[in-house]
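# Analysis of the macromolecular model
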Amino acid sequence: MILVTGATGQIGTVLTEALRAEYGQDNVLATDIRKPEHPAGLFETLDILNTQLLKELVEKYKVTTIYHLAAILSASGEANPQRTWNINMNGLLSILELARESGLQKVFYPSTIAVFGKTTPRINTPQHTVMTPSTVYGISKAAGELWCEYYHNRFGLDVRSVRYPGIISYQSMPGGGTTDYAVDIFHQAILHGKYTCFLEADTRLPMMYMDDSIRATLELMRAPSEEIKIRTSYNLAAMSFTPAELAASIKKHMPDFTIDYAPDHRQAIAASWTESIDDQDARNDWGWKHEYDLDAMTLEMLTQLKKKYNHV
Ligand code: SER
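Below or above, wherever it landed, is the structure these notes cover. Numbering of residues begins from 1 in every chain and follows the order in which that chain's sequence is written. The predicted nature of this model means local features are confined to residues of pLDDT at least 70 and side-chain atom pairs, given and counted, to a pLDDT of 80 or more, with totals for whole chains, interfaces and linings taken over all residues. With hydrogens and water set aside, each side-chain value is computed from the structure's full complement of heavy atoms.

Glancing now at the pairing of strand β5 (residues 106–112). Exposed residues in this analysis have more than 50% of their type's maximum accessible area, buried residues have under 20%, and partly exposed residues fall in between, with area computed by a 1.4 Å probe over protein chains only. Elements are defined by DSSP. Helices are runs of H or I of four residues or more, strands are runs of E of two residues or more, and each kind is numbered from the N terminus. Of all seven residues in β5, six are buried; the element is thus mostly enclosed. Here β5 runs beside strand β6 (residues 159–164); their pairing, made up of six bridges, is parallel. Its bridge partner being in β6, P110 is matched across the sheet by V162. Every crossover in which the path from the first strand over the helix to the second runs clockwise, viewed with the strands pointing away from the viewer, is termed right-handed. Regarding topology, helix α5 (residues 136–155) serves as the crossover connection from β5 to the parallel β6, and that connection is right-handed. For two strands to be treated as a pair, DSSP must find at least two bridges joining them.

Written out as structure tokens, the structure is:
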């Protein structure tokens, strides 16, 4: 049985569905503090800080693998730093400890471009580099990566991780991140033909279409253990763009679309991250290859969301 934490979140919603398609509807237990809008299979409400319940669920459902997605993201995390640290760090520590105690086969832990900071090389950020995150989210993920490697080295736990860029999806909405504009812009373009962006026009960030990030996750977890040479977290890349470039890509299909800019506190977070990522290690070690670039992603987002909003 596979257990997913944070299964109602942006990635969790789509990953749970993909895992059910691959491993069987009854072999994936979704958990989250929030119930899904349309429950489609096994679901248990779980506060990630409730270690006792987590343990009971692992025993009851004979869980062998955990995808631990529950976390508070970069922007919303700043509202309550102590709580963010508690949820992100203690959530991971109980998963790792439970995995060790119960002899779980595998754990997946998502890391992020938010582990990088102002002193990190900005262009083609290397796999092994300076990590000086400025958000509590980034600090917790950087520490989390080290804890994953520690549990692998010390206890032989098969824990695997990628540093996701900003993820763009039509199926689910992001919540509380700095890259969320790149999803919202599509909804606003279709509903209102215009968008006010909370980042500046030229803020370049690494991004990825959801399909690619799900495939990366499944491929990483399927790879033979000896191919996984990095046990902190793999750099992972597909594309990098600015809000102005994304708007230009949307305009190719919607010539009347307009964008303006009203940067808020999230601009400082985005400015502390890097622009593009060198993910050669993921490509070499377990064969990572992205499919979607900016224009392919834009076309797919517009097509899917038009269907969703019946604007066909
Ligand atoms: N999308 C995330 C955020 O913006 C980055 O990991 O917080």
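This paragraph deals with the site of the ligand. Summary of the distance rule: residues count as near a molecule or strand when at least one heavy atom falls within 4 Å of that molecule or strand. As a structural note, the neighbourhood of the ligand is formed by L73, S74, T112, Y137, G177, T178, T179 and W273. For the ligand, an oxygen atom lies 2.9 Å from a polar atom in the side chain of Y137. T179 is positioned such that a nitrogen or oxygen atom in its side chain is 2.8 Å from a nitrogen atom of the ligand. With residues, only the protein chains shown are counted as cover, and all accessible areas are computed by Shrake-Rupley using a 1.4 Å probe. Protein chains bury 93% of the 240 Å² of accessible surface belonging to the ligand in isolation. Gly falls in the polar group here, along with every residue not listed as nonpolar (Ala, Val, Leu, Ile, Met, Phe, Trp, Tyr, Cys, Pro) or charged (Asp, Glu, Lys, Arg). Across the shell around the ligand, the residue classes tally to three nonpolar, five polar and no charged. Any pair of N or O atoms that falls within 3.5 Å is considered a polar contact. Within protein, one atom must be able to donate a hydrogen and the other to accept it, and sequence-neighbouring residues count only if both atoms are side-chain atoms.

Attention shifts here to the sheet that holds β6. With respect to topology, seven strands assemble into an open sheet ordered β3-β2-β1-β4-β5-β6-β10, the strand pairing being parallel. Both edges of this open sheet fall to β3 (43–45) and β10 (234–235), since each of them pairs with a single strand only. As paired strands, strand β1 (residues 2–5) and strand β2 (residues 28–32) are joined by three bridges and run parallel to one another. Paired with V4 across the strands is A30, a residue of β2. Residue contacts are counted whenever heavy atoms from the two residues lie within 4.5 Å of one another. Note on geometry: axes are C-alpha line fits, over the in-contact stretch for helices, and angles between N-to-C directions span 0 to 180 degrees. Where helix α2 (residues 51–60) meets the sheet, it contacts β1, β2, β3 and β4 (65–68), and its direction lies at approximately 160° from that of β3.

As far as function goes, none of this settles anything; it's purely spatial.
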